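Read off the chains here:
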Amino acid sequence: MRMILAAPVLALPVLALPVLVLLGGAAAAQTTPTRNPADVLPGAYTVEPLHTQVYWSLSHLGFTTFFGRMSQVSGSLTLAPNSPATDQFSISIPTASLNTTSDKLDQELQGSDWFDAKSYPTITYKSTKIDIIGRGHATVTGALTLHGLTRPMVLDVRFNAAGVNPIDHHYTVGFQATGTIKRSQFGVTKYVPAVGDDVSLMISAAFEPANPPR
């Protein structure tokens with residue numbers, strides 16, 4: 001299962017956005033987006049849900065790779081560019097937000113044979129460790145809770161850019177995170193192995209300051 005990039009049948013998470021990162025030094029507000037993580041403003045952030053999405057993919061009977069999406073993400077992020085290893089983030093995804101190109105399949109995946117959205121309405125991910133690989137690039141270890149079970153999950157996180165959004169004028173920090181899980185480890189075993197056990201996830205996440213200046 002590969003991800004698109006950027007959490008049927010699946011599982012995912014996710015997730016969690018991750019992100020985080022990265023590295024660097026103190027920052028000053030800018031109107032032109034920066035790709036230098038050292039220029040990112042430190043502090044507390046929350047997920048900007050309209051432009052944050054989780055994508056997932058897995059093998060469908062070996063013939064095709066099937067893709068889906070989850071949205072309505074919420075969560076928090078704490079950034080300290082001078083000590084990025086101390087950054088933290090968590091995300092929460094409504095299980096019922098899972099959708100594909102088929103309404104019938106959406107209903108099936110949200111049912112008891114798959115994700116059981118009524119019993120497990122939320123998928124969460126919380127970072128526990130951040131390892132900086134390079135400028136704007138980190139490996140994040142965390143705990144993913146899906147279908148009532150919590151398992152470790154590692155995300156590869158890349159910093160995209162930070163700056164003032166020219167449309168809504170809000171300071172925004174963007175990341176992309178990818179990872180893979182085995183859905184069977186979370187009790188989602190329908191049609192394994194014909195329908196892939198490995199689920200690739202991609203989280204495209206935007207964050208805004210939790211307490212923006214007035």
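Before reading further, recall that the structure is shown in the block above.
Residues numbered from 1 in each chain as written. Predicted model: local features only at pLDDT ≥ 70, side-chain atom pairs only at ≥ 80, totals over all residues. Heavy atoms only, no water.

Draft legend 1. Looking closely at the overall build of the chain. Along the backbone of the chain there are one helix and ten strands. The order of helices and strands in the chain, counted from the N terminus, is β-β-β-β-β-α-β-β-β-β-β. The buried share among the 214 residues of the chain stands at 48%. When the accessible surface of the chain is summed, it comes to about 9,900 Å², and 54% of that surface belongs to carbon and sulfur atoms. (Helix = DSSP H or I, 4+ residues; strand = E, 2+ residues; numbered from the N terminus. Buried < 20%, exposed > 50% of the residue type's maximum accessible area, 1.4 Å probe, protein only. Areas by Shrake-Rupley, 256 points an atom, 1.4 Å probe, with all protein chains shown as cover.)

Draft legend 2. A look at the layout of surface pockets. Roughly 330 Å³ of volume is contained in the largest pocket. In terms of lining residues, the largest pocket is bounded by 20 residues, among which A161, N165, T172, G174 and A206 are the most central. (1 Å grid on protein atoms, 1.4 Å probe; cavity = no way out; pocket = protein on both sides within 12 Å on 5 of 7 lines; lining within 4 Å. Points joined across faces, edges and corners; volume = space filled by probe spheres on them.)

Draft legend 3. Structural detail: the pairing of strand β8 (residues 149–164). The pairing of strand β7 (residues 137–146) with β8 spans ten bridges and is antiparallel. The residue of β8 that forms the bridge with V140 is L155. Between β7 and β8, which pair antiparallel and follow one another directly, the connecting turn spans two residues, one of which, H147, has a positive phi of 60°. With antiparallel pairing between neighbouring strands as the criterion, β8 and strand β9 (residues 171–182) make up a hairpin whose turn holds six residues, including H169 at a positive phi of roughly 65°. (Pairing = 2+ DSSP bridges.)

Draft legend 4. Highlighting the packing of aromatic side chains. In this structure the tally under the stated criterion is six aromatic pairs. A ring pair is formed by Y45 and Y171, whose centres lie 6.5 Å apart and whose planes are at 40°; its orientation type is tilted. Of this pair, Y45 sits in strand β1 (residues 43–47) while Y171 sits in strand β9, and the two are 126 residues apart along the sequence. Each member of the pair, Y45 as well as Y171, carries the same accessibility label: buried. (Phe/Tyr/Trp six-rings, centres within 6.5 Å; stacked < 30°, edge-to-face > 60°.)

Draft legend 5. Highlighting the side chain of T172. For T172, the location among the structural elements is in strand β9. The class of T172 is buried, set by a relative accessible area of 16%. Looking at T172, its side chain comes within polar contact range of the main-chain oxygen of H170, at 3.2 Å. Residues in contact with T172, not counting those within four places in the same chain, are A161, A162, G163, N165, A206, F207 and E208. (Polar contact = N/O pair within 3.5 Å; in protein donor to acceptor, adjacent residues only side chain to side chain. Contact = heavy atoms within 4.5 Å.)

Draft legend 6. The pairing of β1, seen in detail. Sheet topology places β1 next to strand β4 (residues 74–79); four bridges connect them, and they run antiparallel. When the bridges of β4 are listed, T46 appears paired with S76. Bridge count between β1 and strand β10 (residues 198–209): three bridges; the pairing is antiparallel. Directly across from V47, in β10, lies its bridge partner F207.

Draft legend 7. Layout of unusual backbone geometry. Here V192 and P193 are connected by a cis peptide whose omega angle stands at 10°. Counting through the fold element by element, P193 comes out in the loop between β9 and β10. The phi angle at Q72 is positive, at roughly 60°, despite the residue not being glycine. Along the polypeptide, Q72 turns up in the loop between β3 (64–70) and β4. Q72 sits in the exposed class, given a relative accessible area of 54%. Positive phi values are uncommon outside glycine, yet H147 reaches one of about 60°. Relative to the helices and strands, H147 is located in the loop between β7 and β8.

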